[in-house]
Amino acid sequence: MNESEPRPGLLGRAVRSLAARSARSEPRQRDEAGAERRVNILLMTSYGVDGTIRTTLNLAGFLAASGYEVNLLSVYRDREEPFFGDPPPGVSVHVLDDRRPRLARNLLRPLRAILRRRPSVLSHPDDRAYGSVNLWTDYRLGRALRRRTGFLVSTRPGLNLAAAWLDPPGLVLIGQEHMHLGEHSEALQEAIRREYPKLALLSVLTPRDRKAYEEHLGPKPRVVRIRNAVRDMGGVRADLGSKTVIAAGRFVLQKGYDRLIQVWELVAPDHPDWRLCIFGHGPRQGQLESMIAKRGLEGSVTLSPPVEDIGAEMARASIFALSSRWEGLPLVLLEAMEVGMAVISFDCPTGPRSVIKDHENGLLIRPKTIANFAAGLGELMDDEELRQRLADGARERARDFSMDRLGPRWVNELERAWVQRERRRERRAARQRSEAAGSPA
């Protein structure tokens, strides 16, 4: 822990010690059997709805189909059914903290209640998901990693840092970054600089991300760019004659739906027969509803709950709008392109420019102003031929993000990381033998 970070109290230190003791337990020989084909993926929840969950399930399914034993370690569960349905065949799920209210009483329930009220000492307070972790999940993570072997792929900064600090001896640590470095606070960036060198590999989404993390971290860990893979959308195709624009994602500042509503206020008077539907949920819903009402857009703008089959909604629309202030590599944008929608996006950091070539497979709005986005959206709404041309280019571009192309990259990186791990173990064993041979009888 850095001197600038708050020090945990007595209970926090005790839980951290217990978690570390569990996680650092040496695996037994039987635990090592088949470890080179065992992948454990640590994510906040496998039951919710966001792009990280969707792309994690895509990867897990591919690895399981490729002969790996795949285990999802879901930090928490708060709903009966996973939003995206059952995990892919061959993928198991282990939940650290089951928060469903119906759980039966047990001897650990009082302790669990106390620890849930205390903040995590393993994650970082500037991780945006910090409110979802606590001392109980810290303790449970340590227990879950006890004598676990194979690979541990963690999927966000707080989890990457927790895995690096716990440093379980039987696991090859691989971190994923779904957001670019500049969106992390200075304190979080410093923690990343300090702890990420313990990872064997860091996966990022864009060339810009790779350069930024390499400059920030130095020679360790090895940083690779592996893009998010779009799932098979089931052969559905957008209706490019439809007068419907859609957007999808959480109702949070990042997604910029306040800006999209301002854009719609500009284009709606000249397009009275068009509709905008935004799928999602989140803390800014009330604010967005107020904006819609204040501008008199209730007849043409709809906020709808997230849907499991977003492809079906895309098939009823023609244009997908991405108004985000920042992104990693937005999976929903790739899904829209796979379906053959005409897409329009702000040139926000960092993902859209890695996908969209302006007026070839979508519209990329730079500079990032409300007026420019409105002009681009109006151009798409007025020109069905343009929508068709961009949609054709979008489908062609989406092929580069298929799991058939990107999945083998993950297999290659896993195999390479395992070989490097075995070489390190051999060198360490050789040193120990040498030291033993040179010691006095």
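1. Re the packing of aromatic side chains
Then, in step 1: Taken as a whole and assessed by the stated rule, the structure comprises 5 aromatic pairs.
Then, in step 2: On the basis of an interplanar angle of 35° and a centroid distance of 5.7 Å, the ring pair of W136 and Y139 is categorised as tilted. With W136 and Y139 both in helix α5 (residues 135–144) and 3 residues apart, this pair spans about one turn of that helix.
Then, in step 3: Y139 gets classed as partly exposed once you look at its relative accessible area, which sits at 22%.
Then, in step 4: Over the ring of Y68 we find R37, and its NZ or CZ is 3.8 Å from the ring centre.
Then, in step 5: Taking NZ or CZ as reference, R227 lies 4.6 Å from the ring centre of F401, over its face.

2. Digging into the pairing of strand β4 (residues 150–154)
Then, in step 1: Burial analysis of β4 places 5 of its 5 residues in the buried class, the great majority of the element.
Then, in step 2: Bridge count for strand β1 (residues 38–43) against β4 is 4 bridges, and the pairing is parallel. Looking at the pairing, I41 lines up with V153 of β4.
Then, in step 3: Two strands pair when backbone bridges link them, and β4 and strand β5 (residues 171–176) are joined in this way by 5 bridges, in the parallel orientation. By the bridge assignment, L152 is partnered in β5 with L173.
Then, in step 4: Note that the unit made of β4, helix α6 (residues 157–166) and β5 has a crossover that is right-handed.

3. Let's talk about the sheet that holds strand β8 (residues 244–248)
Then, in step 1: Pairing in this open sheet of 6 strands is parallel, and the strands run β10-β9-β8-β11-β12-β13 from one edge to the other. Across the chains shown, the open sheet's two edge strands, defined by having one partner strand only, are β10 (301–304) and β13 (363–365). Neighbour to neighbour, the strand axes of the sheet diverge by 20° on average, direction disregarded.
Then, in step 2: Across 5 bridges, the pairing between β8 and strand β9 (residues 275–279) is parallel. Note that in β9 the partner of V245 across the bridge is L276.
Then, in step 3: Lying on the sheet, helix α14 (residues 370–382) is in contact with β8, β11 (319–322), β12 (342–346) and β13; it crosses β12 at an angle near 175°.

4. A word on empty space enclosed by the protein
Then, in step 1: Overall, the coordinates contain 4 cavities of 30 Å³ or more when judged by the stated rule.
Then, in step 2: Its volume calculated, the largest cavity comes out at about 140 Å³.
Then, in step 3: Forming the boundary of the largest cavity are 15 residues, of which T55, L59, Q176, N228 and W410 lie nearest the centre.
Then, in step 4: Looking at the lining of the largest cavity residue by residue, the classes come out as 7 nonpolar, 6 polar and 2 charged.
Then, in step 5: Of the voids in this model, the second largest cavity is the one considered here, and its volume is about 80 Å³.
Then, in step 6: Elements supplying a minimum of two residues to the lining of the second largest cavity: α5 and α6.

5. Here we look at the side chain of N228
Then, in step 1: Mapping N228 onto the fold places it in the loop between β7 (222–225) and β8.
Then, in step 2: Given the relative accessible area of 7%, N228 is considered buried.
Then, in step 3: Among the polar contacts made by the side chain of N228, one reaches the side chain of T55 at a distance of 3.4 Å.
Then, in step 4: In this structure the side chain of N228 is engaged in a polar contact, spanning 3.1 Å, whose partner is the backbone oxygen of L329.
Then, in step 5: Every residue in contact with N228, bar those within four places of it in the chain, is listed here: T55, H178, L205, L329, L331, L334, F401 and L406.

6. Let's talk about the pattern of salt bridges
It is possible for side chains of opposite charge to pair when their charged atoms get near one another.
Then, in step 1: If you walk through the whole model with that rule in mind, you get 29 salt bridges.
Then, in step 2: A salt bridge links E413 to R222, with the shortest nitrogen-to-oxygen separation between them at 2.4 Å. With a gap of 191 residues between them, E413 in helix α16 (residues 403–438) and R222 in strand β7 connect regions that are remote in the sequence.
Then, in step 3: Note on E413: relative accessible area 8%, which makes it buried.
Then, in step 4: Its relative accessible area of 24% is what places R222 among the partly exposed residues.
Then, in step 5: Note that D258 is salt-bridged to R325, the shortest N-O span being 2.7 Å. Placement of the pair is D258 in helix α9 (residues 257–267) and R325 in the loop between β11 and α12 (331–339), with a sequence separation of 67 residues.
Then, in step 6: The class for R325 is partly exposed, based on a relative accessible area of 25%.

7. Remarks on the nonpolar core
Then, in step 1: Counting residues in hydrophobic clusters, the biggest one holds 36 residues, and the most contacted among them are V75, L145, L152, L166 and L202.
Then, in step 2: If you list the elements that add at least two residues to this core, you get α1 (10–23), β2 (69–77), α5, α6, β5, α7 (186–195), β6 (201–204) and α8 (207–217).
Then, in step 3: The element best represented in this core is α6, accounting for 6 residues.
Then, in step 4: Counting residues in each nonpolar core, the second largest holds 33 residues, with F251, L260, I261 and A268 among its members.

Calculation notes
- Residues numbered from 1 in each chain as written.
- Predicted model: local features only at pLDDT ≥ 70, side-chain atom pairs only at ≥ 80, totals over all residues.
- Heavy atoms only, no water.
- Phe/Tyr/Trp six-rings, centres within 6.5 Å; stacked < 30°, edge-to-face > 60°.
- Helix = DSSP H or I, 4+ residues; strand = E, 2+ residues; numbered from the N terminus.
- Buried < 20%, exposed > 50% of the residue type's maximum accessible area, 1.4 Å probe, protein only.
- Lys NZ or Arg CZ within 6 Å of the ring centre and 35° of its normal.
- Pairing = 2+ DSSP bridges.
- Right-handed = clockwise from strand over helix to strand, strands pointing away.
- Axes fitted to C-alpha atoms, helices over the stretch in contact; angles between N-to-C directions.
- Contact = heavy atoms within 4.5 Å.
- 1 Å grid on protein atoms, 1.4 Å probe; cavity = no way out; pocket = protein on both sides within 12 Å on 5 of 7 lines; lining within 4 Å.
- Points joined across faces, edges and corners; volume = space filled by probe spheres on them.
- Nonpolar A, V, L, I, M, F, W, Y, C, P; charged D, E, K, R; others polar.
- Polar contact = N/O pair within 3.5 Å; in protein donor to acceptor, adjacent residues only side chain to side chain.
- Salt bridge = Lys/Arg side-chain N within 4 Å of Asp/Glu carboxyl O.
- Core = buried A, V, L, I, M, F, W, Y, C linked by side-chain atoms within 4.5 Å.

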